[in-house]
Amino acid sequence: MLHLFDTAAGKVIPFEPRQPGRVSMYVCGPTVYGPPHLGHGRFSLVFDVLRRYLLWSGLEVDYVSNITDIDDKIINRANTEGRDWSDIAEKCESVWWRAMDAIGVMRPTSDPHATDYVEQMVELIADLITRDVAYVSDDGVYFSPSVVSDYGLLARQTIESMQAGARVEVADHKHSPIDFALWKFVKPGEPSWPSPWGEGRPGWHTECVVMSLDLLGDGFDLHGGGQDLAFPHHENERAQAVAAGRTFARHWMHNGFVEVGGEKMAKSLGNFTNLLDLVESTDPRAYRLLVLRSHYRSPVEVTRASTDDAAAALRRLDSFARRVASAQLPSAMPDPTALAEFVRAMDSDLDTPAAVAQLFGLVTEVNSALDSGDTATAAALAAVVAEICAAVGLVLDAGGSEIPAEVLERAAARDTARAARDFAASDAIRDALIAEGWIVEDTATGTQVRPA
Ligand SMILES: [Zn+2]
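Residues numbered from 1 in each chain as written. Predicted model: local features only at pLDDT ≥ 70, side-chain atom pairs only at ≥ 80, totals over all residues. Heavy atoms only, no water.

- Per an unreviewed UniProt entry, the chain carries the name cysteine--tRNA ligase and comes from freshwater metagenome.
- Within the UniProt record for the chain, the comment given under Sequence similarities (unreviewed entry) is "Belongs to the class-I aminoacyl-tRNA synthetase family."
- Among the UniProt annotations of the chain, the heading Cofactor (unreviewed entry) holds the following wording: "Zn(2+)". (UniProt positions renumbered as here; feature names shortened; annotations may be inferred.)

In structure tokens, the structure reads:
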């Protein structure tokens, strides 16, 4: 059974879906105001791997990931560039999907947009005001987290320590420094929607509560995102749900940061390299392999050297895939022991580094089995390699595996010549094939040819 670290519990616990056989997950998506950065790539890959593994395990997965298409950052960019805010959101969203497609991230089953949910957000805010946990101020509507007794659960802090640590801002509009905005009143030149309290727009934390509960229902299985979202974003989402009497996510999963040369990859440092640069300048699969090589809760270093290394490892896997394809192995069930080892690693809080180590170990074993002509072993282990790749979303390129029939005929002719002890003829065929760029190997099952 799958076990995952739960941020709220602070430990690894069994992951038990609300409904057997069906997993509902919500992953906070991007605010579309610029190109996706490497941190976006990482969380998308981490949750894509989880989703694919669940699917591979035979579960159904409802995967919701939102698009924040109205936000301060979008408005600021629109004002700076003298453009329409919706034009920026639309263009950046299309760039987002292009990048996701490039790194092989499956599209969500649902991708709600904040602007399509404003009415429902207004309803939630009205409900929170009625419950006396939110209040109207001079620049918007605010929520008081102090009414939620376990506020701070995801931050692993108590509300008292947060209140003590909160910077005392000049904020007449807030009752307490930890209060957060549910609704922001419109300022000149900003887009706005109607509400009972005045024209304005919703706060980001309200968006995800409304959309996740609407699309996945109360007590949905998993809420995820980068670890920088645990607090305040997820904490504030949860606080609203709790205050509204709703059952929120049953499990919280957060992935670690991306580092570039040891520095934390945070937008505020302005040091991110954008994801499109990465996919355009290297094998886009390299980022997935890099992410798989690190545990999802650990930082991952994304540098030219680490992506080059992953790209080289992928070339080894591709060459392996070509060799297996050209070996035309008998169909075989995956070796059960090796398959169980993979499942054990993944079920142990998604230990993908162990799974990747196993994958490369299997490649070595299959190559040895092919060298010694043990096609049964090779086939059973190669089937495990295929299963692992499918489960984690690694697509190997066996292209070029189509050895031309004419080449295969000459390899067969060489075997005939050898059987007839006509070594001059067999050597001549071999030398000609090598000269044409083929690797020619003598195996127990005869001459094997594969691309160099
Ligand atoms: Zn969110």
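From this point, the narrative continues.
**So, the packing of aromatic side chains**
Given two aromatic rings, their pairing is described by the distance between the two centres and the angle made by the two planes.
Okay, so step 1: Inspection of every chain in the model, using the stated rule, returns 11 aromatic pairs.
Okay, so step 2: Judged by centre distance (5.8 Å) and plane angle (20 degrees), the ring pair of Tyr53 and Trp56 falls under stacked. Of this pair, Tyr53 and Trp56 both sit in helix 1 (residues 38-56), 3 residues apart, which is roughly one turn of that helix.
Okay, so step 3: Since its relative accessible area comes to 25%, Trp56 is described here as partly exposed.
Okay, so step 4: Here the aromatic rings of Phe220 and Phe248 are separated by 5.3 Å at their centres, their planes lie at 85 degrees, and the arrangement is edge-to-face. In this pair, Phe220 is assigned in the loop between helix 6 (204-216) and strand 9 (222-226) and Phe248 in the loop between helix 7 (230-243) and strand 10 (251-255), connecting sequence segments 28 residues apart. The two residues Phe220 and Phe248 agree in class, both being buried.
Okay, so step 5: Members of the aromatic cluster, joined through ring pairs, are Tyr53, Trp56 and Phe342. (Phe/Tyr/Trp six-rings, centres within 6.5 Å; stacked < 30°, edge-to-face > 60°. Helix = DSSP H or I, 4+ residues; strand = E, 2+ residues; numbered from the N terminus. Buried < 20%, exposed > 50% of the residue type's maximum accessible area, 1.4 Å probe, protein only.)

**A closer look at the sheet that holds strand 10**
Okay, so step 1: The parallel open sheet is built from 4 strands, whose spatial order is 4-3-9-10. Among the strands making up the open sheet, the edge pair consists of strand 4 (60-65) and strand 10. The average undirected angle you get between the axes of adjacent strands in this sheet is 20 degrees.
Okay, so step 2: Pairing geometry for strand 3 (residues 22-27) and strand 9, over 3 bridges, is parallel. In the sheet register, Val27 faces strand 9, and the bridge partner there is Gly224.
Okay, so step 3: Strand contacts of helix 1: strand 3, strand 4, strand 9 and strand 10, with the helix running at about 130 degrees to strand 10, the strand carrying the most contacts.
Okay, so step 4: On top of the sheet, helix 7 reaches strand 9 and strand 10; it is set at about 155 degrees to strand 9, its chief contact. (Pairing = 2+ DSSP bridges. Axes fitted to C-alpha atoms, helices over the stretch in contact; angles between N-to-C directions. Contact = heavy atoms within 4.5 Å.)

**With respect to the pattern of salt bridges**
Okay, so step 1: Considering all chains together, one arrives at 30 salt bridges under this definition.
Okay, so step 2: Here Asp72 makes a salt bridge to Lys184, at a shortest N to O gap of 3.2 Å. With a gap of 112 residues between them, Asp72 in helix 2 (residues 72-81) and Lys184 in strand 7 (residues 180-185) connect regions that are remote in the sequence.
Okay, so step 3: Residue Lys184 is classed as partly exposed on the basis of its relative accessible area, which comes to 28%.
Okay, so step 4: A salt bridge links Arg430 to Asp431; its shortest N-O distance comes to 3.4 Å.
Okay, so step 5: Using a relative accessible area of 41% as the deciding quantity, one classes Asp431 as partly exposed.
Okay, so step 6: When salt bridges that share partners are traced, they join Arg77, Glu81, Arg83, Asp87 and Lys91 into one network. (Salt bridge = Lys/Arg side-chain N within 4 Å of Asp/Glu carboxyl O.)

**Here's the deal with the sheet that holds strand 7**
Okay, so step 1: Spatial strand order, 5-6-7-8: 4 strands in an open sheet with antiparallel pairing. Every interior strand has two partners, whereas the edge strands, strand 5 (134-136) and strand 8 (200-202), have only one. The average undirected angle you get between the axes of adjacent strands in this sheet is 20 degrees.
Okay, so step 2: Bridge count between strand 7 and strand 8: 3 bridges; the pairing is antiparallel. In the sheet register, Trp183 faces strand 8, and the bridge partner there is Pro202.

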